[in-house]
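Close look at the chain arrangement
Chain by chain, the residues:
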Amino acid sequence: MATGRTHRPATRSRGIPEATVARLPLYLRALTALSERSVPTVSSEELAAAAGVNSAKLRKDFSYLGSYGTRGVGYDVEYLVYQISRELGLTQDWPVVIVGIGNLGAALANYGGFASRGFRVAALIDADPAMAGKPVAGIPVQHSDELEKIIEENGVSIGVIATPAGAAQPVCDRLVAAGVTSILNFAPTVLTVPDGVDVRKVDLSIELQILAFHEQRKAGEEAASENGAVPLAPKESGKGPDGDVPAVMPA
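An account of the accompanying structure is given in this report. (Residues numbered from 1 in each chain as written. Predicted model: local features only at pLDDT ≥ 70, side-chain atom pairs only at ≥ 80, totals over all residues. Heavy atoms only, no water.)

To continue, consider the sheet that holds strand β3 (residues 94–99). Spatially, the seven strands line up as an open sheet ordered β5-β6-β4-β3-β7-β8-β9, and their pairing is mixed. The sheet is open, and its two borders are formed by β5 (135–136) and β9 (198–201), each paired with just one other strand. Sitting on the sheet, helix α7 (residues 147–154) is in contact with β3, β4 (119–126) and β6 (139–143), with an inclination near 165° to β4. Most of the contacts of helix α8 (residues 165–177) go to strand β7 (residues 158–161), to which it runs at about 170°, and overall it touches β3, β7 and β8 (182–185). (Pairing = 2+ DSSP bridges. Helix = DSSP H or I, 4+ residues; strand = E, 2+ residues; numbered from the N terminus. Contact = heavy atoms within 4.5 Å. Axes fitted to C-alpha atoms, helices over the stretch in contact; angles between N-to-C directions.)

In structure tokens form, the structure reads like this:
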């Protein structure tokens, strides 16, 4: 089976917009649920609703994949699952290392969805010598001194950082120097990487703060409505110019 080190997804070479790429996993999740229910075909309207986008945007996205569906029939579910999986590179085996096996890192290691989505946890790495050898999700934790060796031996190109903020950048630098070209960052800090390295940041505190903002706004509007006041400004949707990207995005 191919590994992530020698094969890259085809999306960039095919000129698929980044916004479309970001929606492909949403379509795949909805399609996988339909496949599990043995649903053979789905209309663009049904699939768009399940994915949380509008049908016109879905049809435009699928046109980049060369998939247009059949009038009166819709899209073949199994074919779309394969087509999107292939476009995202999920028909390959992507070895992943998780660095930082605290509560969050251990939770990620125990996540059962990696294997079914084309990812294999190749190693769990932590700087604490006391963690070395301890099994987490059936995988023995290895000390961070072995990081470069592990990446080379397993052909790893994707690293997950779940360390404290202060350790994240040094870990990132070591991952990049060892050949990792894609990083998923759970540490509450912004990483600096060279050109050619992709970073996706997941910051739960920022997402909660955005939700708190909207909750506060809703509470204010309800109070104004009860008092008969007219809102000073129309309510914003929390969406960006294309209708489905939050106006405030984490770094």
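So that's the structure; there's more coming.
When we look at burial in helix α4 (residues 77–87), the residues that qualify are Val77, Leu80, Val81, Gln83, Ile84, Ser85 and Glu87. The secondary structure elements touched by the buried residues of α4 are α1 (18–36), β1 (41–42), α2 (44–51), α3 (55–64) and β2 (75–76). Where α4 starts, the residue carrying a side-chain oxygen 3.2 Å from the main-chain nitrogen of Glu78 turns out to be Asp76. Phi for Gly89, located one or two positions after α4, is positive at around 85°. (Buried < 20%, exposed > 50% of the residue type's maximum accessible area, 1.4 Å probe, protein only. Polar contact = N/O pair within 3.5 Å; in protein donor to acceptor, adjacent residues only side chain to side chain.)

This brings us to the packing of α1 against α4. At a minimum axis distance of 9 Å, the contact between α1 and α4 shows a crossing angle of 145°. For the crossing formed where α1 meets α4, the hand is left-handed. From α1, Leu24, Tyr27, Leu28, Leu31, Thr32, Leu34 and Ser35 reach across to α4, where they touch Val77, Glu78, Leu80, Val81, Ile84, Ser85 and Glu87. Residues belonging to the contact of α1 with α4 are distributed by class as follows: nine nonpolar, three polar and two charged. (Left-handed = near helix turned anticlockwise from the far one by under 90°. Nonpolar A, V, L, I, M, F, W, Y, C, P; charged D, E, K, R; others polar.)

On to the nonpolar core, then. One finds Tyr27, Leu31, Val42, Leu47, Leu58, Phe62 and Ile84 to be the most contacted residues of the largest nonpolar core, which totals 23 residues. Residue assignment for this core shows that the elements contributing at least two residues are α1, α2, α3 and α4. Here the element with the most residues in this core is α1; it accounts for seven residues. If near-sequence neighbours (up to four positions away) are discounted, Leu58 is found in contact with Tyr27, Ser44, Leu47, Ala48, Val53 and Tyr75. (Core = buried A, V, L, I, M, F, W, Y, C linked by side-chain atoms within 4.5 Å.)

Turning our eyes to something else, we now look at the packing of α1 against α3. Between α1 and α3, the least distance of the axes is 11 Å, while the angle of their chain directions is 105°. Taken together, the axes of α1 and α3 lie roughly perpendicular to each other. Two secondary-structure elements touch here, α1 through Thr20, Arg23 and Tyr27 and α3 through Lys57, Leu58, Asp61, Phe62 and Tyr64. Grouping the amino acids of the contact of α1 with α3 by side-chain chemistry returns four nonpolar, one polar and three charged. (Parallel < 35°, antiparallel > 145°, perpendicular 65-115°, else oblique.)

All right, on to the environment of Val156 then. One can find Val156 in the loop between α7 and β7. Under the relative-accessibility criterion, Val156 is labelled buried at 0%. A sequence separation of 62 residues divides Val156 from Trp94, and the C-alpha atoms of the two residues are 7.4 Å apart.

Our next topic: the pairing of β7. Covered by surrounding structure in β7 are Ile158 and Val160 together with Gly159 and Ile161, the residues of both alternating faces. Where β3 lies against β7, four bridges are found, and the strand directions are parallel. By the bridge assignment for β7, Val97 is matched with Gly159. Where β7 lies against β8, four bridges are found, and the strand directions are parallel. What sits directly across from Ile161, in β8, is Asn185. Taken together, β7, α8 and β8 constitute a β-α-β crossover, and its handedness is right-handed. (Right-handed = clockwise from strand over helix to strand, strands pointing away.)

Now for unusual backbone geometry. Despite not being glycine, Ser38 has its phi angle at roughly 60°, a positive value. Mapped onto the elements of the fold, Ser38 is located in the loop between α1 and β1. Ser38 sits in the exposed class, given a relative accessible area of 62%. Phi at Ala137 is positive, roughly 55°, even though this residue is not glycine. With respect to the helices, strands and loops of the structure, Ala137 is situated in the loop between β5 and β6.

Such coordinate-based values are descriptive only and should not be taken to indicate function.
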